[in-house]
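These are the residues of each chain, in order.
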Amino acid sequence: MGEPRKTYKVGYFVGSLSSTSINRILSRSLIRLAPPDLEFTEIPIGDLPLYSQDYDTDYPPEARALKEAIAGSDAVLFVTPEYNRSIPGALKNAIDWASRPWGQNSFHHIPAGVIGASIGAIGTAVGQQSLRAVLSFCNARQMTAPEAYIQYTPERFRDDGEVIDESTANFLKDWVTEFRDHVVRVLTVLPRP
């Protein structure tokens, strides 16, 4: 039996393209609070053209880079806002690219986590359910609990990701630790190639 793995590579998606995204701040918070054996790399989605089946025989460089980034990850994490009770178009577009062409779904059996922040009280709950439905079709191995619908306020978070509010920090630390445990459990049964 081999040595236990020292680190797990997590590719993460920030669903918002905004330069002032509160979900980017949330991603920084999760990285700060994560167990030391998680190594995070953002997978950019802003430069992808709109997906069309016409590209299936010859993916553009941005889409190939997306699929390569996912292939190089042990797990994926989605940190996303809710737009119109669903997920942002840019994020859905990235998922469409990554799950195609048919038979080359990058999300097949990958451990996945979903979290999001909003200034509203329901904290992306409906958008997350929409994303979970898409990821289920893509056969991603989602962490289903605990759920995390974060209400963002400047009194809780600094721009660098420091979580000022102690109860929020404790909740996020527990959540990202549970995500790490989920990744380990999934990879034990379904190792990544």
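See the structure above.
What comes next concerns the included structure. Because the structure is a prediction, the values reported are computed rather than measured.

1. Some thoughts on helix α1 (residues 22-33)
(1) Moving on: Helix length check: α1, at 12 residues, gives a terminal C-alpha distance of 17 Å against a target of 16 Å (1.5 Å per residue), a fit within 8%.
(2) Moving on: The complete set of buried residues in α1 reads N23, I25, L26, S27, S29 and L30.
(3) Moving on: On the buried face of α1, the contacting elements are β1 (8-14), β3 (75-79), β4 (111-118), β6 (149-151) and α5 (166-189).
(4) Moving on: Of the residues flanking the start of α1, the one acting as N-cap is S21, its side-chain oxygen 3.1 Å from the backbone nitrogen of N23.

2. Thoughts on the nonpolar core
(1) Moving on: Grouped together as the largest cluster of nonpolar side chains are 28 residues, with contacts concentrated most on L26, L30, L77, I115, W175 and F179.
(2) Moving on: Where this core is concerned, the elements lending two or more residues are β1, α1, β2 (38-42), β3, β4 and α5.
(3) Moving on: When residues of this core are assigned to their parent elements, the largest contribution, seven residues, is made by α5.
(4) Moving on: Those residues within four positions of L77 in sequence are excluded, and the remaining contacts are V10, G11, Y12, F13, L30, F40, G113, V114, I115, W175 and F179.

3. As for the side chain of K67
(1) Moving on: Counting through the fold element by element, K67 comes out in helix α2 (residues 61-71).
(2) Moving on: Buried and without a salt bridge, K67 has D56 as its closest oppositely charged side chain, separated by 8.5 Å.
(3) Moving on: A distance of 2.9 Å separates polar atoms of two side chains, one belonging to K67 and the other to S106.
(4) Moving on: Here K67 is in contact with Y59, W97, A98, R100, Q104 and S106, once residues within four sequence places are set aside.

4. Details of the packing of α1 against α5
(1) Moving on: Taken N-terminus to C-terminus, the directions of α1 and α5 make an angle of 70 degrees; their axes are 9 Å apart at the nearest point. One element, α1, and the other, α5, form an angle in the roughly perpendicular class. Across the interface between the two elements, L26, S29, L30 and L33 of α1 pack against A169, L172, K173, W175 and V176 of α5.
(2) Moving on: Per-class residue counts for the contact of α1 with α5 are seven nonpolar, one polar and one charged.

5. Here's the deal with unusual backbone geometry
(1) Moving on: Following R100, the chain continues to P101 via a peptide bond in cis, the omega torsion being -10 degrees.
(2) Moving on: Here A145 and P146 are connected by a cis peptide whose omega angle stands at 0 degrees.
(3) Moving on: Locating P146 in the fold gives a position in the loop between β5 (141-142) and β6.
(4) Moving on: Of note in this structure, T124 is not a glycine but carries a positive phi near 75 degrees.
(5) Moving on: With a phi close to 65 degrees, N139 is a non-glycine residue in the positive phi region.
(6) Moving on: The topology assignment puts N139 in the loop between α4 (125-137) and β5.

6. Considerations on α4
(1) Moving on: For α4, which comprises 13 residues, the first-to-last C-alpha distance of 19 Å matches the rise-based estimate of 18 Å (1.5 Å per residue) to within 8%.
(2) Moving on: Turning to α4, its buried residues number three or more, namely A125, G127, Q128, L131, R132, V134 and L135.
(3) Moving on: Looking at the buried positions of α4, the neighbouring elements they touch are β3, α3 (89-98), β4, β5 and β6.
(4) Moving on: Downstream of α4 by a residue or two, N139 has a phi angle that is positive, lying close to 65 degrees.

Thresholds, definitions, all that
- Residues numbered from 1 in each chain as written.
- Predicted model: local features only at pLDDT ≥ 70, side-chain atom pairs only at ≥ 80, totals over all residues.
- Heavy atoms only, no water.
- Helix = DSSP H or I, 4+ residues; strand = E, 2+ residues; numbered from the N terminus.
- Expected span 1.5 Å × (residues − 1).
- Buried < 20%, exposed > 50% of the residue type's maximum accessible area, 1.4 Å probe, protein only.
- Contact = heavy atoms within 4.5 Å.
- Polar contact = N/O pair within 3.5 Å; in protein donor to acceptor, adjacent residues only side chain to side chain.
- Core = buried A, V, L, I, M, F, W, Y, C linked by side-chain atoms within 4.5 Å.
- Lys, Arg positive; Asp, Glu negative; His and termini not counted.
- Salt bridge = Lys/Arg side-chain N within 4 Å of Asp/Glu carboxyl O.
- Axes fitted to C-alpha atoms, helices over the stretch in contact; angles between N-to-C directions.
- Parallel < 35°, antiparallel > 145°, perpendicular 65-115°, else oblique.
- Nonpolar A, V, L, I, M, F, W, Y, C, P; charged D, E, K, R; others polar.

So yeah, pure geometry; function would need other evidence.
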